[in-house]
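Spelled out from the first residue to the last, the chains are:
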Amino acid sequence: VPRSLVMVDSASLQFVSPYAFEAMQKVDVARLAALSDPELRLLLPCLVRMALCAPADQSNAWAQDKKLILRLLSGVEAVNSIVALLSVDFHALEQDARKEQQLRHKAGGSNSESILVSQLQHGLTLEFEHSDPLRRLRLALSELLAIMNKVADSNGEFFLKSSELFESPVYLEEVADVLCILQAELPSLLPIIEVAEALLHVRNGEWFMCLLVANVPDSFSEVCRGLIKNGERQDEESVGGRRRTEALRQLCQMNPSQALNIRAMVVEECHLPGLGVALTLDYKPDMADEAVSPLVSYVSGLLLGTNGKVRTWFSMFIRNGQQRKRESSSVLWQMRRQLLLELVAILPRSRSTHVPNDTDMDSESSSGYSGLREEHVVKASALLRLYCALMGIAGLRPTDEEAEQLLQLMTSRPPATPAGVRFVSLSFCKLLAFPTLVSTPEQEQLMVMWLSWMIKEEEYFESAAGVSASFGEMLLLVAMYFHSNQLSAIIELVCSTLGMKIAIKPSSLSKMKTIFTQEIFTEQVVTAHAVRVAVTNNLSANITGFLPIHCIYQLLRSRAFTKHKVSIKDWIFRQLCETTTPLHTQLLPLIDVYINSILTPASKTNPEATNQPITEQEILNVFQDGGKARSQYTITTQLLILYYILSYEEALLANTKTLALMQKKPKSYSPALMDQIPIKHLIRQAQGLQQELGGLHSALLRLLATNYPHLCMVEDWISEEEVTGTLPLLRKMLLTSSSCKYSQTQLREAFQNVLSGGPGLLRILEHLTLLSAGDLIPYAEALTSSMGLLLEDGVSRRIIQTVNKLWMVLNTVMPRKLWVMTVNALQPLVKLLRQQRYTQNDLMVDPLIVLRCDSRVFRCPPLMDITLHMLNGYLLASKAYLNAHLKETAEFERQAQTVSNLGLSGQPDTPEVTREELKNALLAAQDSAAVQILLEVCLPSVQSAPGIPMRKQVGDTGAGKGAQGEREAEGGLLSDLREVQCLICCLLHQMFIADPNIAKLVHFQGYPQALLPLTVAGIPSMHICLDFIPELLAQPQLEKQIFAIQLLSHLCTQYALPKSLSVARLAISVMGTLLTVLTRAKRFAFFMPTLPCLVSFCKAFPPLFDDVMSLLIQVGQVSAADVTTKARDIDPLIPQEIRLSESKYSLRKRSAEELGRADPDVQLCYQIEATFMDIISSSTQAL
């Protein structure tokens, strides 16, 4: 057999070393000179071309380097053959090659004819041996093009082509020279990526590829990317994939600095997963990371990263690799072996083989179980997570050896450090996720012993490691979940701790459930242990992991504390006191479930099994104003306690029916306690901390809107925006010191001298306006107690307005206490002398107390504004109070209902409806009474309200009270009366919009006709009266019908709408009907006040002229008939001598003079006459 035909294995060939490749890449001549002859031989094609071809670099440095290269090449014999190869006419060679390609394309790939190579006499290798350089180039080029064409036609199916030229060991170097020269001189014909792809299909292809790339070092990344892009998704599944992986692995061994970049390409393309693992196994970092190995980091990143496509691709690699028999050449088994070696290397020596038996345990002290060294803990945690990902995500089935060593690692005992706590938590969750790792009784015993050690050492670990979230809480939590059979919650907990989504079957946890519930943690042990766990200091959302609060929450949900009569109230209160921002997400659910456990029995058989509520004294301690107590509890604690109280009270009302069956009922917190809590001040602070408090602020607002509507008035929120706006901020910048330079005593003294020392008081008040609402609280009592002094004559209006402004600022932080103090300060002098003091409860039961103030308040607009604000608040508070009272007393009504039903079985069962109706009737009477009082206040004092005195203020014009009274009677637009009327109309508008039934009730009750112009013009919502005027007209009482027509006349003038027109038609029709049915006396009483209203109808709606005239004629005819029956003469209804030019004033003057002494029928005739004249006059004026 000729020596040239002996096959050679690529493993025995010499590859280009990393040192040589780096020298070529950097063209480091000194390094190249240091290479051995065999190493230099591989790089000759590039070096010879470098020495012979004209360089682009014309610098002296390169000229010197070129001389060194020539000197280096001068002693190498093979250089001559390469020089001969370079002397060929490559242009002609390329043309022949392209012609041959066209010929092959026409012939369908047949090799029958070749332009490059004529008919061969001998084998390809012998022809190569005997040929000149040109023929050698032609032979190699023809063979290479044939392989490249076959690759292009293969449609991705791998084949291995037998070729003597690439397999002969004698001529491999010469063939490599020819290959490198061909690719360098004919790059367009032979793209290096396609050449590399073709070389995969011949023996020794990876060796040729490395030489080719080494002689063109700049093409390294290009070749690698091309091979990866054309590669298989799963490389170990086929021979072609394995060959591609091996070739790329050899390339990366030649250029190790680029290995990680090539691995990144592998992940990016999701091709050749085995190559990524192989490169990681080959990678030797310069600085070894003691914590985590490159293999663990790489595989963990693939399986636990955020890219689902990569995770699926690599998981498929693991699953497919397991289906083949174990092969030492398999990259997967190499990876598993390396991981196992790393695992065994960090195991304690006493644990690196098998589970010790009893004798071993006796012979080895507890130090044998001291476990992991501190420097190995992080690496052990990373290995555990990696094996969890391999088994849970990629479906790895561990061998017996792997399972044994994993169990040994999981049950080892780490040092008491934060990393040790993390390791124990991961080990515990891995046991839960993969209980099949425990298969023998010995292993189960080992696991139980390790769990017992966890329980015993948990407190020491937490204190020594300095972490709040320890594995003890996780143990408790899992035990609780097992007791309540919440296996899905355990699975969620395990996945959350491990940081990955694993498919765990609930049925696989049965063995662990038995161990936990029967051997380690009985329910009684769980509850007794949980209540002794220390609370988390400064609990906030920044503390992650599983905390005692999670355990207590779960135990409260399962009612374990009440079942075993363990008091948890003190623990919860301590934890609420140890909180800070940002708010931990578990606090609000904890409070909710705690309240539920107070009000709802654990079981029907034991209705008294409930938890105890937090005591009033404990709550008071949180809200004390003392310096120490105030600094001891954070705003977070106060807001949480407030949330607890409000939620507790709401739940108490919602469960009244259930609580009625309990002998020992939970009690509501006293009103005195609620008065001590600055609810509005706390809510305002919470508003500025919404980001840190999570959902607490919105939850508090919901509870306030339900139970304390008077603290959620819209105008309050608007005024708060003014208090916290830009202008107040600029004003506060004028305040040089945070402390006020005036004391409360100085403020009281200044109020006492308000008449003589007004400027001094004003100076103090103006300074107080610069303070924030919180800093103003100490002055509230001095400010409100002196309000009565402001009612004296001669007090400056500016002082009263400043007091109003300060009161509104205080109202944003302490409304309830402020209202009570203000109501008591504004009482009439008689009540003040009796020292009669009202409480918050008094004012909620009877809100009208607010209006029983000093009557001078009704003519002091700034103080009237305050009074109306309080009245509106207490009306809302009264509604909430009565609703709560109704629910609280529902049980007593049911008992009475039961008794009545026993005696009177035939009566309908409707007492609940009756109580609700009574409550609504009381509220309606309350609201309507307030409206009627306010309307009475709107009357000018000299006419209808003799109890309301007149005030004189500094700056008022006029000589005295008489002048002011006259001005008010005239309805001046700049009077105190007019300002009070505007304030009252604004409040009535709000009340009518909030509940239109109030408007209906008030107008059915009626009020002085003199106020109708004011109410219709001043209350924008009065148009709603058009809806019920027809009903009011249908009332049998004559005065209500009169009031309805008078009201309608003003509404038509104010709102000339189609609806007003239809109601006016109805009113005229009703008047015509009443004309036919009323007696003479009633007719006079009805038509005298209503006939002038017809003028307004005609003025607003001219189409009504005909109807009105017809009505007037009918009334006139009836009245004239009555007059004619009397034996005396009267003037005709419309005397001929009265001309249209006669002034309306003279006509009315005549009527007024004659009205008193004339007969009623005559008076009515005169009224008809006047109405005619008014209508005619208004129509002519319109023309």
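Residues numbered from 1 in each chain as written. Predicted model: local features only at pLDDT ≥ 70, side-chain atom pairs only at ≥ 80, totals over all residues. Heavy atoms only, no water.

The chain has the name Integrator complex subunit 2 in an unreviewed UniProt entry, where Cyprinus carpio is given as its organism. The record held by UniProt for the chain lists under Sequence similarities (unreviewed entry) the comment "Belongs to the Integrator subunit 2 family." What the UniProt record of the chain gives under Subcellular location (unreviewed entry) is the line "Nucleus". (UniProt positions renumbered as here; feature names shortened; annotations may be inferred.)

J.: Would you mind showing me how to read the overall build of the chain here?
T.: For the chain, the count of helices and strands is 67 helices and zero strands. For the chain, the residues scored as buried account for 52% of the 1183 residues in total. Accessible area for the chain stands at about 54,400 Å²; split by element, carbon and sulfur atoms hold 54% of it. (Helix = DSSP H or I, 4+ residues; strand = E, 2+ residues; numbered from the N terminus. Buried < 20%, exposed > 50% of the residue type's maximum accessible area, 1.4 Å probe, protein only. Areas by Shrake-Rupley, 256 points an atom, 1.4 Å probe, with all protein chains shown as cover.)

J.: Where do I start with helix α16 (residues 259–269) in this structure?
T.: Every α-helix winds through 3.6 residues per turn, so residues three or four apart in the chain are directed the same way. When we look at burial in α16, the residues that qualify are Ala259, Ile262, Arg263, Met265 and Val266. Burial along α16 is one-sided: seen end-on, the buried residues are contained in an arc of 155°. Two residues or fewer after α16 comes Cys270, characterised by a positive phi angle close to 55°. (Arc of directions from axis to C-beta.)

J.: Would you take a moment to explain the layout of surface pockets for this structure?
T.: It is the rolling of a water-molecule-sized probe over the atoms that shows where space remains empty. By volume, the second largest pocket is sized at about 740 Å³. Along the walls of the second largest pocket sit 31 residues, with Asn707, Tyr708, Ala880, Tyr881 and Ala884 positioned nearest its centre. Of all the secondary structure elements, the ones that give two or more residues to the lining of the second largest pocket are α36 (635–654), α38 (671–676), α41 (696–707), α51 (840–845) and α52 (861–888). It is α52 that provides the largest number of residues to the lining of the second largest pocket, a total of ten residues. (1 Å grid on protein atoms, 1.4 Å probe; cavity = no way out; pocket = protein on both sides within 12 Å on 5 of 7 lines; lining within 4 Å. Points joined across faces, edges and corners; volume = space filled by probe spheres on them.)

J.: Honestly, the confidence of the model for the chain in this entry has me stumped. Any pointers?
T.: Atom-level detail of predicted coordinates should not be read off regions where pLDDT is low. Of the residues in the chain, 81% reach a pLDDT of 70 or more, and the chain-wide mean stands at 79. Low pLDDT, under 50, characterises residues 1133–1149; the stretch is placed with 18 contacts to residues that sit more than four places away or in other chains. (pLDDT = per-residue confidence, 0-100. Contact = heavy atoms within 4.5 Å.)

J.: Mind showing me how you'd approach unusual backbone geometry here?
T.: Trans is the common state for peptide bonds, and a negative phi is the common state for residues other than glycine. Look at the link from Thr581 to Pro582: it is a cis peptide, with omega at -5°. Within the secondary structure layout, Pro582 lies in the loop between α32 (569–577) and α33 (587–599). Residue Val27 is not a glycine yet carries a positive backbone phi of 50°. Along the chain, Val27 turns up in the loop between α1 (18–26) and α2 (29–33).

J.: What's the story with the environment of Pro940 in this structure? I'm lost.
T.: Along the polypeptide, Pro940 turns up in the loop between α54 (911–937) and α55 (941–944). Taking relative accessible area as the criterion, Pro940 reaches 14% and is therefore assigned buried.

J.: Would you mind showing me how to read the pattern of salt bridges here?
T.: Pairs can form between side chains of opposite charge whenever their charged atoms are close. All told, the structure shown has 29 salt bridges when counted by the stated rule. Here Arg797 and Asp976 are joined by a salt bridge, their closest N and O atoms 3.9 Å apart. Residue Arg797 is found in helix α48 (residues 797–811), and its partner Asp976 is found in helix α57 (residues 976–994); the two are separated by 179 residues along the sequence. The same class applies to Arg797 and to Asp976, which are both buried. In this structure, Glu979 and Arg797 form a salt bridge, with 2.6 Å as the shortest nitrogen-oxygen distance. Of the two residues, Glu979 sits in helix α57 while Arg797 sits in helix α48, which places them 182 residues apart along the sequence. Overall, Glu979 belongs to the partly exposed group, its relative accessible area being 31%. Owing to a relative accessible area of 18%, Arg797 belongs among the buried residues under this scheme. Each of Glu22, Lys26, Asp28 and Arg31 takes part in one network of salt bridges that share partners. (Salt bridge = Lys/Arg side-chain N within 4 Å of Asp/Glu carboxyl O.)

J.: Whenever I open this one, the side chain of Asn320 confuses me. Can you help?
T.: Note on placement: Asn320 falls in helix α19 (residues 308–323). Once residues lying within four places of it in the same chain are set aside, the contact partners of Asn320 are Gln234 and Glu237.

J.: Would you explain the nonpolar core in this entry?
T.: By size, the foremost hydrophobic cluster in this structure holds 243 residues, and its most contacted members are Leu251 and Tyr644. Those residues in contact with Leu251, other than ones at most four positions away along the chain, are Met209, Cys210, Val213, Phe220, Val223, Cys224 and Leu227. (Core = buried A, V, L, I, M, F, W, Y, C linked by side-chain atoms within 4.5 Å.)

J.: Looking at this structure, I do not really get the packing of aromatic side chains. What am I missing?
T.: Geometrically, a pair of aromatic rings is defined through the distance of the ring centres and the angle of the planes. Summed over the entire model, instances satisfying the criterion amount to twelve aromatic pairs. Through a chain of ring-to-ring contacts, three or more aromatic side chains come together here, namely Tyr594, Tyr644, Tyr648 and Tyr669. Over the ring of Trp333 we find Arg336, and its NZ or CZ is 4.5 Å from the ring centre. (Phe/Tyr/Trp six-rings, centres within 6.5 Å; stacked < 30°, edge-to-face > 60°. Lys NZ or Arg CZ within 6 Å of the ring centre and 35° of its normal.)

J.: Help me understand helix α5 (residues 60–73), please; the structure alone is not making it clear to me.
T.: Helix length check: α5 (14 residues) gives 20 Å between terminal C-alpha atoms against 20 Å at 1.5 Å per residue, within 8%. Looking at the buried side of α5, the elements it contacts are α2, α3 (37–42), α4 (44–52) and α6 (78–86). (Expected span 1.5 Å × (residues − 1).)

J.: How do you make sense of the packing of α32 against α36 when you look at a structure like this?
T.: Relative orientation and spacing of two packed helices are given, respectively, by the angle between their axes and the distance between those axes. Following both chains from N to C, one finds α32 and α36 inclined at 135°, their axes separated by 8 Å at the closest point. The pairing of α32 with α36 is recorded here as oblique in orientation. The residues of α36 that touch α32, namely those facing Phe573, Leu576 and Cys577, are Thr637, Leu640 and Ile641. Of the residues that constitute the contact of α32 with α36, the class distribution is five nonpolar, one polar and no charged. (Axes fitted to C-alpha atoms, helices over the stretch in contact; angles between N-to-C directions. Parallel < 35°, antiparallel > 145°, perpendicular 65-115°, else oblique. Nonpolar A, V, L, I, M, F, W, Y, C, P; charged D, E, K, R; others polar.)

J.: Explanation requested: the packing of helix α23 (residues 400–410) against helix α24 (residues 418–433) in the structure shown.
T.: Running from N to C, α23 and α24 point in directions that differ by 135°, and their axes come no closer than 9 Å. With respect to α24, the element α23 is oriented oblique. Along its contact with α23, which presents Leu406, Leu407, Leu409 and Met410, the element α24 presents Phe423, Ser427, Lys430 and Leu431. The class makeup of the residues in the contact of α23 with α24 is six nonpolar, one polar and one charged.

J.: Would you mind going over a nonpolar patch on the surface with me for this structure?
T.: Residues Phe158, Leu160 and Val239 make up a contiguous nonpolar surface patch of roughly 240 Å² in combined accessible area. Tracing the chain through its elements places Phe158 in the loop between α9 (133–153) and α10 (164–167). Judged by its relative accessible area of 32%, Phe158 falls in the partly exposed class. (Patch = residues over 30% accessible without salt bridge, like charges linked within 9 Å, V, L, I, M, F, W, Y side chains within 5 Å.)

J.: Would you take a moment to explain the state of the cysteines for this structure?
T.: As used in these notes, a disulfide is a covalent bond between sulfur atoms, one from each of two cysteines. Under the definition given, this model contains zero disulfides. No disulfide involves Cys986; its nearest neighbouring cysteine sulfur is the one of Cys985, lying 8.8 Å away. (Disulfide = S-S within 2.5 Å.)

J.: Is there a simple way to explain the environment of Ser1069 in this structure?
T.: Inspection of the secondary structure assignment puts Ser1069 in helix α62 (residues 1058–1077). Ser1069 gets classed as partly exposed once you look at its relative accessible area, which sits at 42%. Counting along the chain gives 39 residues from Ser1069 to Val1108, while the straight-line C-alpha distance between them is 9.5 Å.

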